[in-house]
Amino acid sequence: MPVTLQNPFRGAGLPGLTEFPRSSSQVVGALLALCPVYERTPLIDAAAVAADLGIAGLQIKDERQRMGLGSFKALGAAFVIAHDASEVVRGDAWEQALRGRTYVAASAGNHGLSVAAGARIFGAQAVIYLAETVPEAFARRLRDMGAQVVRAGANYEASMEAAAQAADANDWTLLSDSSWPGYIEVPTRVMEGYVQLAAEIVAQMVTPPSHILLQAGVGGLAAAVAVKARAAWGEAPKIIVVEPDQAPALADSIRAGALVETQGGVSNMGRLDCKTPSLVALAGLARDADYFVTISDAEAERGVAVMAQQGFASTPSGAAGLAALIAGLPEIGPEAQVLAILSEGPEDA
């Protein structure tokens, strides 16, 4: 069974954390309006799944086709790069706006694709650091998009350190979706991109959900959706953050009352297998989330199998929120109207 932690900092947030995610997506929307491949992803009424699970309703935001990249991450790093281009572009020469600039990032897969896509569109270069555990399929996709791929370290944190060192050594722009003291603005803007996803959901839903399930690695997506949900729907929805039990970075930080680095083995929820949370995401979720839940690899695998049978093929990372629901959450009863995010497509798609 999933392990649940009720958030004692709900509403007040963690003491000392003052940088929070932004709830507005107006700038993102304006830039996306210029993008020919942008379109709103579907919100699916999964009535059959809801009936099988014994709940009143289930809405699934399906990010598997987002802008041709296959995940919600397309809205993050690419938006940061587009914003940089908008500040220097001359006339309509968008494809040359960032010529000579290099963006470097660590990634578990999808963030790197967003960096590579943004760099290619606006004339920049992309260098992506991958840990040894990241599947080679992601590395091939990155190279196909013109990015240079560097393998570094046994886990995401090690690849992140290598990327930061490369940025300093080469005067490259570090583009991380995680934040820490002294590195706040760029990852906050990445999360601002993800808020667009939440704005779409708010526009698509006729009535607010009673429960929102948000899977988390460093926490950027979860924090972005949570801050927009609170701005749009107030205090009523119960927000539940789901992490791998091998990487409970947010839950352990909430237990400690401060940002901590957690310990654990390698999880099959690879994009969520992050041992240190984003500082800004932690601040937002400590204030906005009601519960933090951890699930096992086996529960994630079962969730993927159940959702695939219902026509929602994904990965343990992409379906982690739904996997927690399938595994059983006592906080969600038969009258629940649940919102969940299918955050990426299958790796072999």
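A.B. asks: What's the story with the nonpolar core in this structure? I'm lost.
C.D. replies: Nonpolar side chains in soluble globular proteins generally cluster together in the buried interior. Within the largest apolar cluster, 77 residues are counted, with the highest numbers of intra-cluster contacts made by V115, L285 and F292. Considering every element that reaches this core, the biggest residue donor is helix α8 (residues 220–233), with nine residues. Excluding anything up to four places from it in sequence, F292 contacts V3, T4, L5, N7, V241, L250, A251, I254 and L285. In this structure, V242, A300, M307 and V338 belong to the second largest nonpolar core, which totals 31 residues.

A.B. asks: In this structure, what is going on with the packing of helix α3 (residues 77–88) against helix α7 (residues 185–204)? I would like to understand it.
C.D. replies: Helix packing geometry: the angle between the two helix axes and the distance between the axes. Contact geometry of α3 with α7 gives a least axis separation of 7 Å together with a crossing angle of 110°. One way to sum up the angle between α3 and α7 is to call them roughly perpendicular. Handedness of the crossing formed by α3 with α7: right-handed. Counted together, A77, F79, V80 and H83 of α3 and V186, R189, V190, E192 and G193 of α7 form the full contact between these two elements. Partitioning the contact of α3 with α7 into residue classes produces five nonpolar, two polar and two charged.

A.B. asks: Teacher, can you tell me more about the pairing of strand β11 (residues 337–342) here?
C.D. replies: Regular strands place side chains that alternate from one sheet face to the opposite one. Buried residues dominate β11, accounting for five of its six residues. As paired elements, strand β3 (residues 57–62) and β11 share six bridges and run parallel to each other. Following the sheet pairing, K61 is matched in β11 by I341.

A.B. asks: Is there a simple way to think about α8 in this case?
C.D. replies: Quick reminder: α-helices carry 3.6 residues per turn. Residues three or four places apart thus point the same way. Taking 1.5 Å of rise per residue, the 14 residues of α8 would be expected to cover 20 Å, and the 20 Å separating its terminal C-alpha atoms lies within 8% of that figure. Across the 14 residues of α8, twelve count as buried, placing the element largely inside the fold. Turning to α8, its buried residues are G220, L221, A222, A223, A224, V225, A226, V227, K228, A229, R230 and W233. Lining the buried residues of α8 we find α7, β8 (211–215), β9 (238–244), α10 (279–288) and β11.

A.B. asks: What should I look at first to understand the sheet that holds strand β5 (residues 125–130) in this one?
C.D. replies: The strands that make up a sheet are held in pairs by hydrogen bonds between backbone atoms, and each pair lies either parallel or antiparallel. The parallel open sheet is built from four strands, whose spatial order is β6-β5-β4-β7. Two strands close off the open sheet at either side, each with one partner strand: β6 (148–151) and β7 (173–174). With four bridges connecting them, β5 and β6 associate as parallel partners. Opposite V127, over in β6, you have Q148 as the bridge partner. In the packing of helix α5 (residues 136–144) onto the sheet, contacts are made with β5 and β6, and the angle to β6 comes to roughly 150°. Seen against the sheet, helix α6 (residues 156–170) touches β4 (102–107), β5 and β7 and runs at an angle of roughly 165° to β4.

What counts as what
Residues numbered from 1 in each chain as written. Predicted model: local features only at pLDDT ≥ 70, side-chain atom pairs only at ≥ 80, totals over all residues. Heavy atoms only, no water. Core = buried A, V, L, I, M, F, W, Y, C linked by side-chain atoms within 4.5 Å. Buried < 20%, exposed > 50% of the residue type's maximum accessible area, 1.4 Å probe, protein only. Helix = DSSP H or I, 4+ residues; strand = E, 2+ residues; numbered from the N terminus. Contact = heavy atoms within 4.5 Å. Axes fitted to C-alpha atoms, helices over the stretch in contact; angles between N-to-C directions. Parallel < 35°, antiparallel > 145°, perpendicular 65-115°, else oblique. Left-handed = near helix turned anticlockwise from the far one by under 90°. Nonpolar A, V, L, I, M, F, W, Y, C, P; charged D, E, K, R; others polar. Pairing = 2+ DSSP bridges. Expected span 1.5 Å × (residues − 1).

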